[in-house]
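Close look at the chain arrangement
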Amino acid sequence: VDGLDEDLILSAMRGKTGANWQPPRSIQETINDRSLEKLMDFDKMIEQDGGVNEKLDLPTMDEVIARRKQREVADAAREGRVEDAAMLIDTEGMGKKAAKAAQRRATAIEREAAAEAEKSPFEGINILKLLENGAWVGIGLLVLWEVYINSPFFERAAPLIPVVYDDPVPPGM
């Protein structure tokens, strides 16, 4: 790594830097140990990263909160969660009418979700139509069973009984 004296770091890692150096014994000693910083050439590292050595403008807390709120709204919309949709709307920067319309829309979506959650799963099912469809499924299954029984895939355990006997009285009577 450029900007670091690798030989010195490797010898420190191996414990061969000198008799007076001792590894830190606690976390606080590790935090207070600034010996590694002395080995780094920060100017050279900044130069390699593109030479940008100016202050960055960090966002204000209001901007962070607004971005987080937008991300929560987007995640809730993507996942289909609409509980507290009215609370997630950022009305800052909107006019009065637009803010009220957004609140109404969010409230309507919330009401619609609540009504959907209360709705019975059997609501809107016609019992007669259900019976009719069940009968058709049963008929179809019986037809498929008959086709299977009369196909070459099914072996009979006993030979076929003739429909007409030669004797006037069937055997066993």
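Above: the structure in question.
Note that the structure is predicted; figures quoted are calculated from it, not measured.

Scoring rules and cut-offs
Residues numbered from 1 in each chain as written. Predicted model: local features only at pLDDT ≥ 70, side-chain atom pairs only at ≥ 80, totals over all residues. Heavy atoms only, no water. Helix = DSSP H or I, 4+ residues; strand = E, 2+ residues; numbered from the N terminus. Contact = heavy atoms within 4.5 Å. Areas by Shrake-Rupley, 256 points an atom, 1.4 Å probe, with all protein chains shown as cover. Expected span 1.5 Å × (residues − 1). Polar contact = N/O pair within 3.5 Å; in protein donor to acceptor, adjacent residues only side chain to side chain. Patch = residues over 30% accessible without salt bridge, like charges linked within 9 Å, V, L, I, M, F, W, Y side chains within 5 Å. Salt bridge = Lys/Arg side-chain N within 4 Å of Asp/Glu carboxyl O. Lys, Arg positive; Asp, Glu negative; His and termini not counted. Charge placed at Lys NZ, Arg CZ, Asp CG, Glu CD. Buried < 20%, exposed > 50% of the residue type's maximum accessible area, 1.4 Å probe, protein only.

Focus on the overall build of the protein chain
- From N to C terminus, the protein chain includes eight helices and zero strands.
- Counting from the amino terminus, helix and strand elements in the protein chain follow one another as α-α-α-α-α-α-α-α.
- Considering only intrachain contacts with a sequence separation of at least 6, the fraction spanning at least 24 residues in the protein chain is 44%.
- Of the roughly 15900 Å² of accessible surface on the protein chain, 58% is carried by carbon and sulfur atoms.

Let's talk about helix α8 (residues 127-149)
- With 23 residues, α8 should cover 33 Å at 1.5 Å per step; its first-to-last C-alpha distance of 33 Å lies within 8% of that length.
- Its side-chain oxygen 3.2 Å from the backbone nitrogen of Leu-128, Asn-126 forms the N-cap of α8.

Observations regarding a positive patch on the surface
- On the surface, Lys-96, Lys-100, Arg-104 and Arg-105 cluster together into a positively charged patch.
- In this structure, Lys-100 sits in helix α7 (residues 96-118).

Observations concerning a nonpolar patch on the surface
- A surface patch of nonpolar side chains, amounting to about 420 Å² of accessible area, comprises Trp-136, Ile-139, Val-143 and Val-147.
- Residue placement: Trp-136 occurs in helix α8.

Digging into α7
- Taking 1.5 Å as the rise per residue, α7 with 23 residues should run 33 Å; its terminal C-alpha atoms sit 33 Å apart, in good agreement.
- Taken together, the buried positions of α7 are Ala-99, Ala-102 and Ala-106.

The values are spatial; any link to function lies outside them.
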